[in-house]
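Structural overview for review
If you want the building blocks of each chain, they are given just below.
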Amino acid sequence: MYILRHPKQGMAPLSIARAPGAPGDGTLETLGTAGTHNAVLRDGSDCIVVHVSGGPVSLLVTAFLEQKGDPIPALRVDQIGLDRPGASAAVPSARAIMHAPPAAGGIQIGAQGITLIGHVERDGDVIAAPGELLGDPRSLLRLEGFQVVWPDRPDGVDLAYNIVVEGGGALPMVKSGKFCGTRGEARRIIAVTFALIGPRASQWRLDGTAYFSGGYQVPLQSAVPLSGPSGLEHLTAVTLSATLDEQVGAQRNPWQESASTKVFKSNGTAQQLAS
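Conventions we followed
- Residues numbered from 1 in each chain as written.
- Predicted model: local features only at pLDDT ≥ 70, side-chain atom pairs only at ≥ 80, totals over all residues.
- Heavy atoms only, no water.
- pLDDT = per-residue confidence, 0-100.
- Contact = heavy atoms within 4.5 Å.
- Helix = DSSP H or I, 4+ residues; strand = E, 2+ residues; numbered from the N terminus.
- Buried < 20%, exposed > 50% of the residue type's maximum accessible area, 1.4 Å probe, protein only.
- Salt bridge = Lys/Arg side-chain N within 4 Å of Asp/Glu carboxyl O.
- Pairing = 2+ DSSP bridges.
- Phe/Tyr/Trp six-rings, centres within 6.5 Å; stacked < 30°, edge-to-face > 60°.

Comments concerning the confidence of the model for the protein
For any part of a model where pLDDT is low, the fine detail of the predicted coordinates should not be relied upon. Summary statistics for the protein give a mean pLDDT of 77 and a share of 76% for residues scoring 70 or more. Note on residues 86-106: pLDDT under 50 across the span, and 36 contacts to partners over four residues away in sequence or across chains. Contacts of residues 257-275 to residues separated by more than four positions or lying in other chains number 35 contacts, the stretch itself having pLDDT below 50.

Let's talk about the environment of G208
You can see G208 is positioned in strand β18 (residues 204-212). Accessibility expressed as a relative area gives 22% for G208, which makes it partly exposed. Sequence spacing of G208 and L240 is 32 residues, and the spatial spacing of their C-alpha atoms is 4.0 Å. Apart from the residues within four sequence positions on either side, G208 is in contact with V218, P219, L220, T239 and L240.

Describing the environment of G35
Note that G35 resides in the loop between β3 (27-32) and β4 (40-41). Owing to a relative accessible area of 40%, G35 belongs among the partly exposed residues under this scheme. In sequence terms G35 and C47 are 12 residues apart; their C-alpha atoms lie 9.9 Å from each other.

Quick look at the pattern of salt bridges
Counted under the stated rule, the structure contains 10 salt bridges. By sharing partners, the salt bridges in this structure join E121, R122, R142 and E144 into a single network.

So, the sheet that holds strand β20 (residues 235-244)
Taken in spatial order, the four strands make up an open sheet running β11-β20-β18-β19, and their pairing is antiparallel. For this open sheet the edge positions go to β11 (134-135) and β19 (216-219), each flanked by a neighbour on one side alone. As paired strands, β18 and β20 are joined by nine bridges and run antiparallel to one another. If you follow T209 over to β20, its bridge partner there is T239.

Here we look at the packing of aromatic side chains
Per the counting criterion, the structure on display carries four aromatic pairs. With 5.5 Å between their ring centres and 35° between their planes, F146 and F194 make a pair best called tilted. In this pair, F146 is assigned in strand β12 (residues 143-149) and F194 in strand β17 (residues 189-197), connecting sequence segments 48 residues apart. In this pair, the class of F146 matches that of F194, namely buried. Ring centres of W150 and W204 lie 5.6 Å apart, and the angle between their planes is 80°; this geometry places the pair in the edge-to-face category. Placement of the pair is W150 in the loop between β12 and β13 (158-165) and W204 in strand β18, with a sequence separation of 54 residues. Classification of W150 as buried rests on a relative accessible area of 9%. Taking relative accessible area as the criterion, W204 reaches 12% and is therefore assigned buried.

Dropping the structure here:
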């Protein structure tokens, strides 16, 4: 099952239909909000629930542009996770949910390793101890922001990170201890980047996984932007760790600290990051 949604108000309507002549023998059932007629999305308040069974189904998505050059909205697609008999959880569970923001106190941080604090849709602020998962991929709830806490971080190395928010572009890069993202704004993170920086960064290895809606898992690589296959899937969870490994060797890092602005490309899109 999937939820199809219009990206935002003020953009062209989208028509959803089964693609004529496309291969596939699956059954398609739809249920939409009032005014969609199960086929047309006009703004962010519209959605269509799609149930596909028995085989693959191809959809034809058409944008109704008033004039040439108008922006083309990108259809938002979220898969609905369903519990099935005999299915077992393949991801670690999130830790305690904290309903007060970190600044209000009450969150206990260990003295060693990387702790993650984040804001999850409807759940509020959550905390993940070193090695644990921040967020829950099975819930499909948005992980809307996070900060990295590294109390025993050694001299000469740090962790930098930034995100790309749907409709808002890339947010500025921050370093460990700083929050990156939003709270309570229903904003979707569609890409995230982590990078080890500093003169000793080449002696450390970054490990972990970013989870995106639709069941996609992307292994972390230092300074490599991570996203789902279409670039529209939203971040649901993340886990990461940094390990001293002098055998890693020096690698070119576009996020290495510098007085100048760094520009690098991923998936054909240039991102500009100021250190």
